[in-house]
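# Breakdown of the fold
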Amino acid sequence: MTAAFTLAEFRAIVDACFDGAEAAALEESVLDKEFADLGYDSLTVYEIVVRIQDDFPVTVPDEKLDELKTPAALIAYVSDQLAVA
């Protein structure tokens, strides 16, 4: 069982959702930018989260998702959930 959710795992999820078209742009330097600034609308973020929930034993409630505005915040939240799972 994975005890952390990393940038590499996040990229793999984005690759799976978008056939590799988006993940290449996900570098450490952009992780603190809001999803909207990276060109991700709310439906795109929701699709990524659904895929994370399918692949990892975590749940991201809708009200929590509204607070997770950056890839870094989402990665940290999922990693924290895995640590307590």
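Here, the structure is the one placed above.
Predicted model, so just to flag it, every value in this text is computed and none were measured. (Residues numbered from 1 in each chain as written. Predicted model: local features only at pLDDT ≥ 70, side-chain atom pairs only at ≥ 80, totals over all residues. Heavy atoms only, no water.)

## Looking at the overall build of the protein chain
Along the backbone of the protein chain there are 4 helices and 0 strands. Scanning the protein chain from its N terminus toward the C terminus, one meets helices and strands in the order α-α-α-α. Counting every position in the protein chain, which comprises 85 residues, the buried fraction comes to 35%. If you take every contact in the protein chain between residues at least 6 apart in sequence, the share linking residues at least 24 apart comes to 62%. Put simply, the protein chain shows about 4900 Å² of open surface, and 49% of that area lies on carbon and sulfur atoms. (Helix = DSSP H or I, 4+ residues; strand = E, 2+ residues; numbered from the N terminus. Buried < 20%, exposed > 50% of the residue type's maximum accessible area, 1.4 Å probe, protein only. Contact = heavy atoms within 4.5 Å. Areas by Shrake-Rupley, 256 points an atom, 1.4 Å probe, with all protein chains shown as cover.)

## A word on the pattern of salt bridges
Per the stated rule, a full pass over the model turns up 2 salt bridges. In this structure, Asp 55 and Arg 51 form a salt bridge, with 3.7 Å as the shortest nitrogen-oxygen distance. With Asp 55 and Arg 51 both in helix H2 (residues 42-55), this residue pair falls 4 residues apart, about one helical turn. A residue is classified by how much of its surface remains accessible, and Asp 55, at 45% relative accessible area, is partly exposed. With a closest N to O distance of 3.1 Å, Glu 67 and Lys 64 form a salt bridge. Using a relative accessible area of 53% as the deciding quantity, one classes Glu 67 as exposed. (Salt bridge = Lys/Arg side-chain N within 4 Å of Asp/Glu carboxyl O.)

## Here we look at the nonpolar core
If you look at the biggest cluster of nonpolar residues, it comprises 24 residues, and the most contacted ones within it are Phe 5, Phe 10, Ile 48, Ile 52, Leu 74 and Val 78. For this core, the elements supplying multiple residues, two or more each, are helix H1 (7-18), H2 and helix H4 (71-84). (Core = buried A, V, L, I, M, F, W, Y, C linked by side-chain atoms within 4.5 Å.)

## Considerations on H2
Taking 1.5 Å per residue as the helical rise, H2 with its 14 residues ought to reach 20 Å, and the 20 Å between its terminal C-alpha atoms agrees with that figure. All of the buried residues along H2 are Thr 44, Val 45, Ile 48, Val 49 and Ile 52. The buried residues of H2 occupy one face: seen down the axis, they fall within an arc of 135°. Away from its buried face by more than 90 degrees, H2 exposes Leu 43 and Asp 54. Packed against the buried residues of H2 are H1, helix H3 (62-65) and H4. Capping the start of H2, Asp 41 holds a side-chain oxygen 3.2 Å from the backbone nitrogen of Leu 43, two or three residues further along. (Expected span 1.5 Å × (residues − 1). Arc of directions from axis to C-beta. Polar contact = N/O pair within 3.5 Å; in protein donor to acceptor, adjacent residues only side chain to side chain.)

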